[in-house]
Amino acid sequence: MTEITETEALSRVAALCSTAEHCRAEVVEKLQRWSIAYDAIDRIVSRLEQEQYIDEERFCRAFINDKYRFAKWGKMKIGQALQLKKIPSFVYRPLLNEIDEEEYLSILRGLLTAKRKSVHADTEYEQNGKLIRFALSRGFEMKDIRRCMDVSEENDYFE
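Cut-off values and rules
Residues numbered from 1 in each chain as written. Predicted model: local features only at pLDDT ≥ 70, side-chain atom pairs only at ≥ 80, totals over all residues. Heavy atoms only, no water. Buried < 20%, exposed > 50% of the residue type's maximum accessible area, 1.4 Å probe, protein only. Helix = DSSP H or I, 4+ residues; strand = E, 2+ residues; numbered from the N terminus. Arc of directions from axis to C-beta. Contact = heavy atoms within 4.5 Å. Expected span 1.5 Å × (residues − 1). Polar contact = N/O pair within 3.5 Å; in protein donor to acceptor, adjacent residues only side chain to side chain.

Description of helix H5 (residues 75-84)
Working step 1: By the burial criterion, the buried members of H5 are Lys75, Ile78, Gly79, Ala81 and Leu82. Burial along H5 is one-sided: seen end-on, the buried residues are contained in an arc of 160°.
Working step 2: Check the buried side of H5 and you find it contacts helix H4 (56-69), helix H6 (89-97) and helix H7 (101-118).
Working step 3: Lys86, located one to two residues past H5, shows a positive phi value of around 65°.

What follows is the structure, encoded as structure tokens:
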């Protein structure tokens, strides 16, 4: 592999960031894989932030919307993923709190209803335990799971 200059790296990463949202940590990781010097990485990332190719808040907003709407992740799992991307909690916590509560609970209800059909259990107690573990593994909080399980069970009894 040929050596990449700082200018080439800047233009490549700018092109990358203009096609999809990326956070600072992802860009730094990519530049490190290209064996760019640490001082050059700092200059490149600063320039990208200055020209708004990288914006942590914009990245978090897009990431959160994608993960809870399409991947059907809960707030806990989204927060953990953002921590792994080295995003400070003061950036993503307010954005997690902006999630529409009714839409969020609707997603969880849909997950629980679909899972209820495929869960094999001898008793309702065992089935509920499996549903709770499933929802927890998707990153939903117990208070939300309880609210949705009550509604879900009512709907199942009336069908």
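Let's pick the thread back up.
So, H4
Working step 1: With 14 residues, H4 extends 20 Å between its outermost C-alpha atoms, agreeing within 8% with the 20 Å of an ideal straight helix rising 1.5 Å per residue.
Working step 2: What H4 keeps buried is the set Glu56, Phe59, Cys60, Phe63, Ile64, Lys67 and Tyr68. Here the buried residues of H4 occupy an arc of 135° about the axis, which is enough to place them on one side.
Working step 3: For H4, the secondary structure elements touched by its buried residues are helix H2 (24-33), H5, H6 and H7.
Working step 4: Measuring from the backbone nitrogen of Glu57 back to the side-chain oxygen at the start of H4 gives 3.1 Å, which picks out Asp55 as the cap.

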